[in-house]
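What the coordinates show
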Amino acid sequence: MREITYRQALNEALAEELERDPNVFLMGEEVAEYHGAYKVSAGLLERFGPKRIIDTPISENGFAGLGIGAAMVGLRPIIEFMTFSFSLVAFDQVVNNAPNMFMMSGGQFNIPITFRGPNGPAHQLGATHSHATENLFASVPGLKVCTPATPRDAKGLLKAAVRDDNPVLVLEAELLYSSKGMVEPPDEELLIPLGQAEVKREGSDVSIICYAQTVPLALAVAAQLEEEDISAEIVDLRSIKPLDEQAVFNSIAKTHRAVIVEQDRAFCGVGAEICYRIQKNIFDALDAPILRVSQEDVPIPYNERLEKFVLPNADKLMAGVKKVCYA
Amino acid sequence: MQRLEQRDEVEMLALMLLIRRFEERASQQYQAQKIGGFCHLYIGQEAVVTGAVAAVREDDYIITAYRDHAHALARGTSANACMAELFGKATGCSRGLGGSMHFFDRQNHMYGGHAIVGAHVPLAAGMAFASRYRGEDRVTLCFFGDGAINQGSFHEALNLIALYNLPVVLICENNLFAMGTSVKRSTSLKQIVDRAEGYDIPGEIVDGMNFREVRDKLTEIVGSIRKDPHPAFVEIRTYRYRGHSMSDPASYRTKEELEKYRLDDPITRLRAQLTREGKLTNEQFDQRDKKAKETVIASVKFAESSPELPVEKVYDYVYFNGAVEAGVSPAKRQESAAAAAAATE
């Protein structure tokens, strides 16, 4: 194992998959000559050439559709959205064409495509550039959605996404590109199956269910809670769809309490689905109502203090955990 | 440019008859409530798709919008599979899961059947991109209506197609109406073909009621693309005799206008051309027409007696898990992977 950044992990995943399969290509705004708006594709143009690392005009709907068409006839495109906030411009392609084709064609056309890019609120980008899109996309049958929080998960999930025969969205955490973590050496194949959660920290008093940018938040809060003698277990979903509900149930069977911390809004959200499944399947295991920490139900304001108030943060999570622990 | 043999023209006339008889029968079956959802008929436009398929190879890619029954039939999908699809049966070309607007036939290189106006034009760009990526000389024919040319996805796709110089023939089937809105009320241009100019794509206007003109023009364009990949645009002027869909009485146009186009019927026209040239007798025509009618009647019987997919099967069509579906040839996939590998090396 060695320590690399989240950005570097994604870069390695791209390079390895491009190397492995000539049908894989990377397309998006600024991915080639500029090396990616977040430098995730640094060096790939030089290594794989302009045939496979392709800059596009600002036409998300157009190039998302181009990728789907190429996938219909056997290529395996990786389409980068500069941010998933811009994927909304391509919503019709991502929601109507990619996941529906298999059903509509009676099973003749599956779409092996990866849509990837940063997702979730970053820092003071205002309402249009701060979307967490997992709730929107996870509600669409035919799509798979993963949300890596660590460099290791980013690499393993992206590689798994490229090899999947269905449309997969890799929602990268915009704030975590420079974060570091331990990852297997490049000569060791790292694939993390879609739909497999991971316990990032063992605990016995409360389960904190989290994903993407809320994982480091939950880990930091867990460290603080430790000092107050509350032992929190951190369950990182890693994928939103398919959802590893068993991992959630296993943790709650142990702790009997749960707080769900999501980077998206609460209404019709990921946490709502998880709450439903918990009460349906392991109602008797609960010693307290489940609590959710999410965005406030407002467009994200630019003002730093207001933005911090709107987003899930350590104070809210801490208070939530104490409430379900009756502490 | 080598012209098609006389025999082939009679075959293409027979195909136009099959399309027309199929659509008439579909209309009847729709009214009898055997067909659900929306149903958009191609009657009047037959020369467009027939002329186009006469100009391409069997392995060229074809993709279209929702008025798609004719495109599947022209591509070689059986009337049985088409009618069964309308009936929602498991023997349909999309297993009864797509319906009228979503006809797919992988084996015959018919890539849909797309019902969001303009949303398939980027897909066509991707298919042509893949041909170019693999170094194949395939051409993609992308059909769309006059209503699509004001949609954002159309414009984004045209720019990408021109920018990457992709081997696509953009075929605008201009039947003068986007649903009930005439081109004059929807489009700022005097003529649709001028849209292509904005993207530096060569464009031409073609008489869509004349099979020979469509075929010859497309043959010339496809030949030139095959030699040196590039995009092209044709505005094919045509007319649909029926309403936009089965529920539309088409009260937005006059009887006189409809009559004018009926007199210029593409089937009557090709028939007259062939008869004048001594290549087709009345008996031969009647024989072909009778055969078309019989084929279509048989397709209704086939559709009626076909099974539906069991309800629990719906879950099998959400994610592809490597199972081999009818029409999905893993060998073909491997072949294309190998070709891509060779092209990259």
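All residue numbers refer to position in the chain's written sequence, counted from 1. As they are written, the chains are lettered A onward and the ligands numbered 1 onward, keeping that order. Local features in this predicted model are restricted to residues whose pLDDT is 70 or higher, and side-chain atom pairs enter the listing and the counts only when it is 80 or higher, whereas totals over whole chains, interfaces and linings include all residues. Values reported for side chains reflect all heavy atoms of the structure, with hydrogen atoms and water molecules removed beforehand.

1. Notes on the domain arrangement of chain B
Heads up, the rule is: For the purposes of this description, domain bounds are those given by an automatic or database domain assignment.
For chain B, the domain assignment lists domain 1 (4–308) and domain 2 (310–345). For domain 1 of chain B versus domain 2 of chain B, the distance between C-alpha centres works out to 27 Å.

2. Regarding the pattern of salt bridges
The line we're drawing: Note on definitions: salt bridges are taken to be side-chain nitrogens of Lys or Arg within 4 Å of carboxyl oxygens of Asp or Glu. What counts as a helix is a DSSP run of H or I of at least four residues, what counts as a strand is a run of E of at least two, and both are numbered from the N terminus. Buried means the residue's accessible area, taken with a 1.4 Å probe over protein chains only, is under 20% of the maximum for its type, while exposed means over 50%, and partly exposed covers the values in between.
All told, the structure shown has 53 salt bridges over all chains when counted by the stated rule. Here Arg201 of chain A and Glu226 of chain A are joined by a salt bridge, their closest N and O atoms 2.5 Å apart. Here the residue Arg201 of chain A occupies a position in strand 9 (residues 198–201), and Glu226 of chain A occupies one in helix 8 (residues 214–227), the gap between them amounting to 25 residues. Given a relative accessible area of 41%, Glu226 of chain A falls into the partly exposed group. A salt bridge links Lys279 of chain B to Glu277 of chain B; the nearest nitrogen and oxygen atoms lie 2.9 Å apart. You can call Lys279 of chain B partly exposed: its relative accessible area is 27%. On the accessibility criterion, Glu277 of chain B (37% relative accessible area) is partly exposed. Residues joined by salt bridges that share partners form a network here, namely Arg2, Glu12, Glu16, Glu17, Arg20, Lys155, Lys159, Arg163 and Glu189 of chain A.

3. Points about the packing of helix 9 (residues 245–255) of chain A against helix 10 (residues 270–282) of chain A
All names here are of chain A. Threshold: For every element, the axis is a line fit to its C-alpha atoms; helices are fit only across the contacting stretch, and the angle between N-to-C directions ranges from 0 to 180 degrees. Should an angle fall under 35 degrees it is taken as roughly parallel, and over 145 as roughly antiparallel, whereas 65 to 115 is taken as roughly perpendicular and any remaining angle as oblique. In this scheme the crossing of two helices becomes right-handed for a clockwise turn of the near helix relative to the far one and left-handed for an anticlockwise turn of less than a right angle. By definition, residues are in contact when any of their heavy atoms lie within 4.5 Å.
Direction vectors running N to C along helix 9 and helix 10 enclose 60°, while the axes themselves pass 10 Å from each other. Overall, the two elements helix 9 and helix 10 adopt an arrangement that is oblique. Remark: the crossing between helix 9 and helix 10 carries right-handed chirality. Together, Glu245, Val248, Phe249 and Ile252 of helix 9 and Ile274, Arg277, Ile278, Asn281 and Ile282 of helix 10 make up the contact between the two elements.

4. Quick notes on the nonpolar core
As a reminder, the rule being used: Here, nonpolar core refers to any group of buried Ala, Val, Leu, Ile, Met, Phe, Trp, Tyr and Cys residues whose side-chain atoms link them within 4.5 Å.
With 88 residues, the main nonpolar core has Phe115 of chain A together with Phe129, Phe144, Leu170 and Phe233 of chain B as its most contacted residues. It is helix 5 (residues 121–134) of chain B that provides the largest number of residues to this core, a total of 9 residues. When near neighbours in sequence (up to four residues on either side) are disregarded, Leu170 of chain B contacts Val121, Cys142, Phe144, Leu158, Ile161, Ile201, Ala232, Phe233 and Val234 of chain B. Counting residues in each nonpolar core, the second largest holds 63 residues, with Tyr30, Met110, Ile171 and Leu280 of chain B among its members.

5. Focus on the interface of chain A and chain B
Inclusion rule: When two parts are brought into contact, each loses some accessible area as probed by a 1.4 Å sphere; the total of that loss over both is the buried area. Side-chain atoms alone can form a polar contact between residues adjacent in sequence; in general such a contact is a pair of N or O atoms within 3.5 Å, and within protein one must be able to donate a hydrogen while the other accepts it.
At the interface, 46 residues of chain A touch 46 residues of chain B. Between chain A and chain B, the buried area comes to about 3,900 Å², and carbon and sulfur atoms account for 63% of it. The largest per-residue losses of area from chain A upon contact with chain B belong to Val73, Met103 and Gln108 of chain A, which jointly make up 17% of the total buried on that side. Taken together, the connections running from chain A to chain B amount to 0 salt bridges. Inspection of the chain A/chain B interface yields 19 residue pairs in polar contact (both at pLDDT 80 or more). With 10 residues, the single largest contributor to the side of chain A that touches chain B is helix 3 (residues 60–72) of chain A.

6. Regarding the packing of helix 3 of chain A against helix 6 (residues 152–163) of chain B
Counted only if it meets this: For this classification, the nonpolar set comprises Ala, Val, Leu, Ile, Met, Phe, Trp, Tyr, Cys and Pro, the charged set comprises Asp, Glu, Lys and Arg, and every other residue, Gly included, is treated as polar.
Running from amino to carboxyl end, helix 3 of chain A crosses helix 6 of chain B at an angle of 70°, the nearest separation of the two axes being 8 Å. In terms of axis orientation, helix 3 of chain A runs roughly perpendicular to helix 6 of chain B. The two elements helix 3 of chain A and helix 6 of chain B cross, and the hand of that crossing is right-handed. Within the contact between the two elements, helix 3 of chain A uses Glu60, Asn61, Gly62, Phe63 and Leu66 of chain A and helix 6 of chain B uses Ser153, Glu156 and Leu160 of chain B. The class makeup of the residues in the contact of helix 3 of chain A with helix 6 of chain B is 3 nonpolar, 3 polar and 2 charged.

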